Every structure is written in C-alpha cells, then in structure tokens.
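The primary structure of each chain is shown beneath.
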Amino acid sequence: MSEPIIRTEHLSRTFGRIKAVDDLSLVVSEGIVFGFLGPNGAGKTTTIHLLLGLLEPTLGRATVMGFDTRTQANDIRARTGALLEFSGLYERMTAEDNLDLYGRIYRMPLSERKARIKELLTHLDLWDRRKEQVVKWSRGMKQKLAVARALFHHPKLIFLDEPTAGFDPVAAAALQTDLAALVAREGATVFLNTHNLTEAEKLCAQVGVIRNGRLLTVGSLDKLRIGKANPHVEITGRGFSEPILASLRGLPEVASVERQNDRLLIELRGEAEAAPLVSLIIRSGGEVEEVRRGESSLEDIFLTLMKENKNA
Amino acid sequence: MRDIGTMVWKEGRDTIFPGGRLGNLSSLVFIALLGIVFPLIDRVGWLAISVQMVLLNVLFPFYYILVYIGDSFAGEHERHTLETLLASRISDRAILWGKVIPTVGYIWGMTVISSLLSMVVVNLAQGQWPWTFYTPLSGWLIVLVACMLVCLLAASGGILVSLHSATTRQAQQILLLGSLGLFIVLYLVFRALPSQWFQGLSGSQIFLIAMLVTFVLDAILLAITMASFRRSHLIAG
C-alpha cells in the first residue's frame, strides 16, 4: 500500500493557553477530496498552517508527501497549492499577472505559463477579462481566479480553506461545480476545510470532523452514516396528539420522535420499517398525508457528533 | 537570484505600475520638485553641489521611502496577500530582497533622473552655452552614492518596522516618529563630540565619515531584518 499523502501523529498546537489543535492523528490517502469539517474556531485553519509548515507544532509530528513539516517545509510548499482563508490575490494586478506571478514563483517556463493561463481562464470563463485589474471583479470571480492560482503549477496536493465561505447558495454551487471539474481533471488530492456540509457531501470522498482542536471522527460518508446516525422518517399530516407521540416513543424500533407543527420527525433504530408506525398513527386517530423516508445527511451526522462532544 | 527577480517583477506590477500604468502620481511630483523646482531656486549653486543640493538629494528620497515602505509587509498583511505568498515555495530571502531592491532601485533611479533633469533645467534657465555639468563630477557621484545608502537605510529600517506592525498606518507613524528621533539623537551626538575632532577635517571628509556610518547602519539593519523574518511569526501574528 502506498504512503498516505498526509499523515499526522498526535499533532498539537497551542497559542498561549488555547489548544488550537489537540492530539490530531490523521491519515489522508492520495487522489481523494478529503473534507475537514468543523465549526468556526475548531482548528481547521491552524491544521492547514501546520501541514504547510507555516506554523511549528507544539507537540507531535506531521508528514506531507513524505516530507516532515518541521524540517522539510520548503519541499512541501514547492509541491502543494493553497487557497487559504482569503483569496490572496493582488487586486491592483490584472488576472493574467496574478496567475503569471505564481507561475514564475514555481519556475514554470514562459511558454508553459502562457498556455496554462489560457487553459485555466478559458475553462473558468474568465479569459476575456484577463487584462482587467482584479479589484474590479465580483467576489465569485476573484475566488474562481484564486482556485486557478492554487492549481496553476499542477500541484499533487491542494489545500482549500473555506473556499465558498460567505457566498450566496447560487455562487457557492457554481464554484463547487467548477472546483469539482477542475480537481477531477487535474487528478490532485484536495484537503478541503469547510463548515458547509452540503459542499462536503457534494465533493468529498472522506471527511474528518474536528471540534475544539480534537478530531471527533474520520471516514467515508457511508461509514459515518452507519456508525453515527440513524435513518429517519418524516410524516406530514394532522392530529399528532401527545398520546400518539407517547405510543411511538414506546416502540423499540423508534429512537426519537419530534413534532414540528404538522410534521413528525421520527428517528429509527437500524433498518426498521415505517409502515407499522403509520398504522399506529392512523389507529390512534391521526391523519397521514405524506410519508418520506430518508438517509441521514452529513448534517445529521455532524450535529450528532457535536451533541455527543458537548455532552462528553 | 531568479526568485528575487520574480519578487521584483511582482512589486513592479503591484506597486509601481499596477495594471500596466504608473500607479502613483507622487512619482511625477518627486521628479518635478527635485528635477525642476528646487534647482530653479538654487540655480548655479545646484550644479556646484551646494549644501541645499546635497541635503535635498539625500533627505527627499529618504522621507519619500519612509512614507511608502510601511506598506511593504503591514499592507500585504492588511490586504490578506501575505499568507498566500508565504504558503508558496518562495524563499524568505527572496521575499525580503524583493521588497528592498525595487524600493531602493525605484527611488534612487528617480533621484538620478531628477538630477540629470535638473542639470538641463538649470542650464536652460541660465541661457548659457556650452552647458555645464555638476562640478566637481566626483562630488555629484558621491551625492548619488550617499543617496543610495540613505535609501537603503530607510528601506531596511522601514521593512523591519513594517514586519512588526499590524497596520500600514501604525508602521508609518512609528517610522515618522523614529526618523525624528534619529535626527535628534544625531544632533545631540554631534553636539556632544569634542569640537577639536572636527577642526582638522574638511566638509568632504565629514560627509564621507557620515556615509561610512550610514553604510554600517545599513548592514546592521539589514541583518536584523533578515534575522527577524519568521514565517511562523507572520502567520501567528
């Protein structure tokens, strides 16, 4: 089996008395989009800074593409691309010059830089505006350019820190689509920091969840669904009285019942069926208009983990 | 060297010629003042390397750099471009020299252009033929070297302050106050030295000693700046 592209062992970083990253042990395989999920201030950005060798760990160690982050940070930065918390574009420079700068930094020959600029800007529908200063652009366009910059020198590994943060849903979806297409075409591994669960569900093969610097869980979405959250049924109708709710809660296959106006949200244990629940409601005088059964979303898993962690 | 060249190119595109145009009208004001207005006031004395000519060619570039150099790192920090640059493969040394070289080169270059322009302006204003050049020529060259040393002093000190400042405004305030402090200290030191030390020295010799002191200060400030450049401090700060 090949060496993982990222490996951390008990990685920790403190700022004064604050533990930004706490005993993080993580393995990320090559060729996937890895989602690193967590609320604001969870330690996601600090983790990227540690992996790029921009910060030294207080304890533990990490390797990226086999290079130690403490002693071989230059080798790591030479082989990775990064779109950090802010786009990092030089706004007084043109779009073309912004890309050309990073091509020069990564010592790409002139002909290759020119071809790559055309390729990426054409792909992102920005080619006609390449001579414009970036300061005049919309936030979405700037972020697309920043994604292109991160991919410009064909890195094997790309760090993306909340690439769609603060975007409206339409702009976020558009950027996610561009991102997915580019990453698939380039064949790069992506370490994606996000608190946008839809984004993670859409893009990521594996996710890790972090809170207060500690890794709560890691794995594929399917594995997390099995391990962390139950399937649920949503029933719409009328007459969902307290006795009906109590009867449902008494059933062994029901994990929880919640009423929201004319809807019942029922969490099931294992692979329990919905039909007996519907029968019980009707027998007890309730009226059922619609029944929807759903798998747990990443949001359900995430919220379950947050609740568990808070209780712990 | 190639990386330093890249950073110099970046500074040129971002600061001096953003979007392919001269981004700062103050450059034209600089040349107009040092190349036309001041020489026309001083006339022949300017070409004879008067005290005014020396002071203006040294202090004007010095303060011009102080006004702008505070932006070098603090400004990049404020505009959120520094973090991405630090996350790239570019070396610390290239980033630092990529700030020092274009700043000193640009301002010193403008001073040389102004100096040549002022020679034309004074000759035209005097209406004399044949035209005269700076006399002595060696004096003019020494003034240009002194100007470069002083530019380097302002740039290295300015970058050091900018590295440790949270905002451009903070850096500029520290630099302006610091420069005033520097002149007060120099004045007090000069007053405190025994007068007989200077009795046997000509003005040129005193000027050369001042240049030597500036050179030593440049070396010290550059060394401190290089030593205090830490990616982790810039990221965590």
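Residues numbered from 1 in each chain as written. Chains lettered and ligands numbered in written order. Predicted model: local features only at pLDDT ≥ 70, side-chain atom pairs only at ≥ 80, totals over all residues. Heavy atoms only, no water.

A. Local environment of the sheet that holds strand S13 (residues 263-268) of chain A. Residues and elements named next belong to chain A. Taken in spatial order, the four strands make up an open sheet running S12-S13-S11-S14, and their pairing is antiparallel. Where the open sheet ends on each side, the last strands, each with one partner, are strand S12 (254-260) and strand S14 (287-294). Averaged over neighbouring strand pairs, the angle between their axes works out to 20° when direction is ignored. When S12 meets S13, the two strands line up antiparallel, connected through six bridges. The residue bridging Val254 from the neighbouring strand is Leu268, located in S13. Against the sheet, helix H9 (residues 242-249) engages S12 and S13, with an angle of about 160° to S12. Sitting on the sheet, helix H10 (residues 275-283) touches strand S11 (232-238), S12, S13 and S14, and the angle it makes with S14 is about 160°. (Pairing = 2+ DSSP bridges. Helix = DSSP H or I, 4+ residues; strand = E, 2+ residues; numbered from the N terminus. Axes fitted to C-alpha atoms, helices over the stretch in contact; angles between N-to-C directions. Contact = heavy atoms within 4.5 Å.)

B. Expanded view of the pairing of strand S9 (residues 206-211) of chain A. Residues and elements named next belong to chain A. For strand S3 (residues 33-37) and S9, the ladder comprises four bridges, and the chain directions are parallel. Bridge pairing in S9 links Phe36 to Gly208. In this sheet, strand S10 (residues 214-220) lies alongside S9 in antiparallel orientation, the contact comprising six bridges. Its bridge partner being in S10, Gln206 is matched across the sheet by Ser220.

C. How the structure looks around the pattern of salt bridges. All names here are of chain B. Per the stated rule, a full pass over the model turns up 27 salt bridges over all chains. For Glu11, the salt bridge goes to Lys10, with nearest N and O atoms at 2.8 Å. Where Lys10 meets Glu76, a salt bridge forms, and the shortest distance between an N and an O atom there is 2.5 Å. Of this pair, Lys10 sits in helix H1 (residues 2-16) while Glu76 sits in helix H5 (residues 71-78), and the two are 66 residues apart along the sequence. Judged by relative accessible area, which is 0%, Lys10 ranks as buried. One network of salt bridges, with partners in common, ties together Lys10, Glu11, Glu76 and Lys99. (Salt bridge = Lys/Arg side-chain N within 4 Å of Asp/Glu carboxyl O. Buried < 20%, exposed > 50% of the residue type's maximum accessible area, 1.4 Å probe, protein only.)

D. How the structure looks around the environment of Glu78 of chain B. All names here are of chain B. Here Glu78 shows up in helix H5. By relative accessible area, Glu78 is classed as partly exposed at 38%. For the pair formed by Glu78 and Thr167, sequence separation is 89 residues and the distance between their alpha carbons is 6.5 Å. What Glu78 contacts, discounting residues up to four positions off in sequence, is Ala166, Thr167 and Thr168.

E. Just the confidence of the model for chain A, in detail. In the predicted model, chain A carries a mean pLDDT of 86, and the fraction of residues at 70 or more is 95%. Predicted confidence in chain A is weakest over helix H8 (residues 221-228) of chain A, with a mean pLDDT of 67, and strongest over strand S5 (residues 67-68) of chain A, with 95. (pLDDT = per-residue confidence, 0-100.)

F. Structural detail: a nonpolar patch on the surface. Residues and elements named next belong to chain B. Taken together, the side chains of Val51, Leu55, Leu59, Leu182, Phe183 and Leu186 make up a nonpolar region of the molecular surface, amounting to roughly 480 Å² of accessible area. Going through the elements one at a time, helix H4 (51-69) and helix H9 (168-192) are the ones with two or more residues in the nonpolar patch. Position of Leu59 among the secondary structure elements: in helix H4. For Leu59, a relative accessible area of 30% corresponds to the partly exposed category. (Patch = residues over 30% accessible without salt bridge, like charges linked within 9 Å, V, L, I, M, F, W, Y side chains within 5 Å. Areas by Shrake-Rupley, 256 points an atom, 1.4 Å probe, with all protein chains shown as cover.)

G. Fine view of the packing of helix H3 (residues 95-105) of chain A against H1 of chain B. Contact geometry for H3 of chain A and H1 of chain B: axes closest at 9 Å, N-to-C directions at 165°. Here H3 of chain A is positioned roughly antiparallel relative to H1 of chain B, judged by the angle of their axes. Note that H3 of chain A runs across H1 of chain B; the crossing there is left-handed. Seen from H3 of chain A, the contacting residues are Asp97, Asp100, Leu101, Arg104 and Ile105 of chain A; seen from H1 of chain B, they are Asp3, Thr6, Trp9, Lys10 and Arg13 of chain B. Its residues assigned to classes, the contact of H3 of chain A with H1 of chain B comprises three nonpolar, one polar and six charged. (Parallel < 35°, antiparallel > 145°, perpendicular 65-115°, else oblique. Left-handed = near helix turned anticlockwise from the far one by under 90°. Nonpolar A, V, L, I, M, F, W, Y, C, P; charged D, E, K, R; others polar.)

H. How the structure looks around the side chain of Glu11 of chain B. Residues and elements named next belong to chain B. Looking at the element boundaries, Glu11 is found in helix H1. Here Lys10 takes part through its side chain, which lies 2.8 Å from a polar atom of the side chain of Glu11. With residues near it in sequence (within four places) discarded, Glu11 still touches Ile16, Glu76, Gly98, Lys99 and Pro102. (Polar contact = N/O pair within 3.5 Å; in protein donor to acceptor, adjacent residues only side chain to side chain.)

I. Expanded view of the sheet that holds S9 of chain A. All names here are of chain A. If you walk across this open sheet you meet the six strands as S6-S7-S8-S3-S9-S10, and the pairing is mixed. Of all the strands in the sheet, just strand S6 (80-83) and S10 have a single pairing partner and so form its edges. The mean angle between the axes of side-by-side strands here comes to 15°, regardless of whether they run parallel or antiparallel. Where S3 and strand S8 (residues 189-194) come together, five bridges link them in parallel fashion. Looking across to S8, one finds that Val33 is bridged to Val190. With respect to the sheet, helix H1 (residues 44-51) is in contact with S3, strand S7 (157-161), S8 and S9, its orientation differing from that of S8 by roughly 150°.

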